[in-house]
Amino acid sequence: MTQSASSVLNKSASESVCWNFKLLAHHELAGFGGMGEGMAIQVAKDGRRIMWLAHESAPKNFTGVDVSDPRNPKLVVQTDLPESFMRSNSLELAGDIMAVAYQTQKVGQKPAGFELFDISVPEKPKSIAYVDASGPTSRGVHQLWFCDGEYVHLAAGAPDFTPTHPQDDQFYRIFDVRNLSKPAEVGRWWLP
């Protein structure tokens, strides 16, 4: 163990929360914190670095923050969810296209699925397509992965899927989004 690692382990919990990090700035996000695990950085066409953040719960959907100057972050856009019982805790982007996951609190609630946005103008995200994953045993999409601009990988439910256990309503699904306006499911996998 190195001397610096040893000294960190001997500090109190509050002293060792930040190790090798330095706080440069803090933003209140217009009073709507509660971020989910979704976070991505976009380099906009004008060179700005936009940090996209997914919200863990309603009323907000996602937030864009200009972090080009890391000591002076600026709120660019903040969007609302259509319903109070849903969340968008996961988002990913490829270039100027962002995929956002929508999960509901209970099975059967709508809307639940994922949505694709054109974020080429960060201040004005435009919906391109929405994929409905709601159903009688589905809570929609919990997590997604979108890195190549061609396929969205999901932990999701589906309207035609009945799990063997009510808590196992989400499984692996893959959507081809090469035609952004018409996403098509191309694969799914689960343990029987």
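Just above sits the structure.
Computed from a predicted structure; not experimentally measured.

Draft legend 1. Structural detail: the overall build of the protein. Of the regular secondary structure elements, the protein holds two helices and 15 strands. Over its C-alpha atoms, taken along the principal directions, the protein stretches across nearly 55 × 40 × 30 Å. Out of the 192 residues in the protein, the part that is buried amounts to 42%. Counted over contacts in the protein with a minimum sequence separation of 6, partners at least 24 positions apart contribute 45%. In the structure as shown, the protein presents an accessible area of about 10700 Å², 55% of it carried by carbon and sulfur atoms. The protein carries 18 positive and 22 negative side-chain charges, and their two centres are separated by 3 Å.

Draft legend 2. Examining the packing of aromatic side chains more closely. All told, the structure shown has seven aromatic pairs when counted by the stated rule. A centroid spacing of 5.8 Å and a plane angle of 65 degrees characterise the contact between Trp52 and Phe62, whose relative ring orientation is edge-to-face. You can see Trp52 sitting in strand β2 (residues 49-55) and its partner Phe62 sitting in strand β3 (residues 60-66), a full 10 residues away along the chain. For Phe62, a relative accessible area of 0% translates into the label buried. Here the aromatic residues Trp52, Phe62 and Phe117 are joined through ring pairs into a cluster of three or more. Positioned above the aromatic ring of Phe32, the side-chain terminus of Lys60 is 4.6 Å from the ring centre.

Draft legend 3. Spotlight on the nonpolar core. Counting 18 residues, the largest nonpolar core has Trp52, Phe62, Leu91, Met98 and Val100 as its most contacted members. Broken down by secondary-structure element, the contributors of at least two residues to this core are β2, β4 (74-80), β6 (91-94) and β7 (97-104). Apart from the residues within four sequence positions on either side, Phe62 is in contact with Trp52, Leu53, His55, Val77, Gln78, Thr79, Ser88, Leu91, Met98, Val100, Phe117 and Pro125. The next biggest cluster of nonpolar side chains, apart from the first, holds 17 residues, and it includes Phe114, Val131, Phe146 and Phe175.

Draft legend 4. Region of the structure containing the sheet that holds strand β1 (residues 35-43). Strand order in the open sheet formed by four strands is β1-β2-β3-β4, with antiparallel pairing between adjacent strands. A strand with exactly one partner marks an edge of an open sheet, and here the two such strands are β1 and β4. Ignoring which end each strand starts from, the neighbouring axes of this sheet average 20 degrees apart.

Rules used in this analysis
- Residues numbered from 1 in each chain as written.
- Predicted model: local features only at pLDDT ≥ 70, side-chain atom pairs only at ≥ 80, totals over all residues.
- Heavy atoms only, no water.
- Helix = DSSP H or I, 4+ residues; strand = E, 2+ residues; numbered from the N terminus.
- Buried < 20%, exposed > 50% of the residue type's maximum accessible area, 1.4 Å probe, protein only.
- Contact = heavy atoms within 4.5 Å.
- Areas by Shrake-Rupley, 256 points an atom, 1.4 Å probe, with all protein chains shown as cover.
- Lys, Arg positive; Asp, Glu negative; His and termini not counted.
- Charge placed at Lys NZ, Arg CZ, Asp CG, Glu CD.
- Phe/Tyr/Trp six-rings, centres within 6.5 Å; stacked < 30°, edge-to-face > 60°.
- Lys NZ or Arg CZ within 6 Å of the ring centre and 35° of its normal.
- Core = buried A, V, L, I, M, F, W, Y, C linked by side-chain atoms within 4.5 Å.
- Pairing = 2+ DSSP bridges.
- Axes fitted to C-alpha atoms, helices over the stretch in contact; angles between N-to-C directions.

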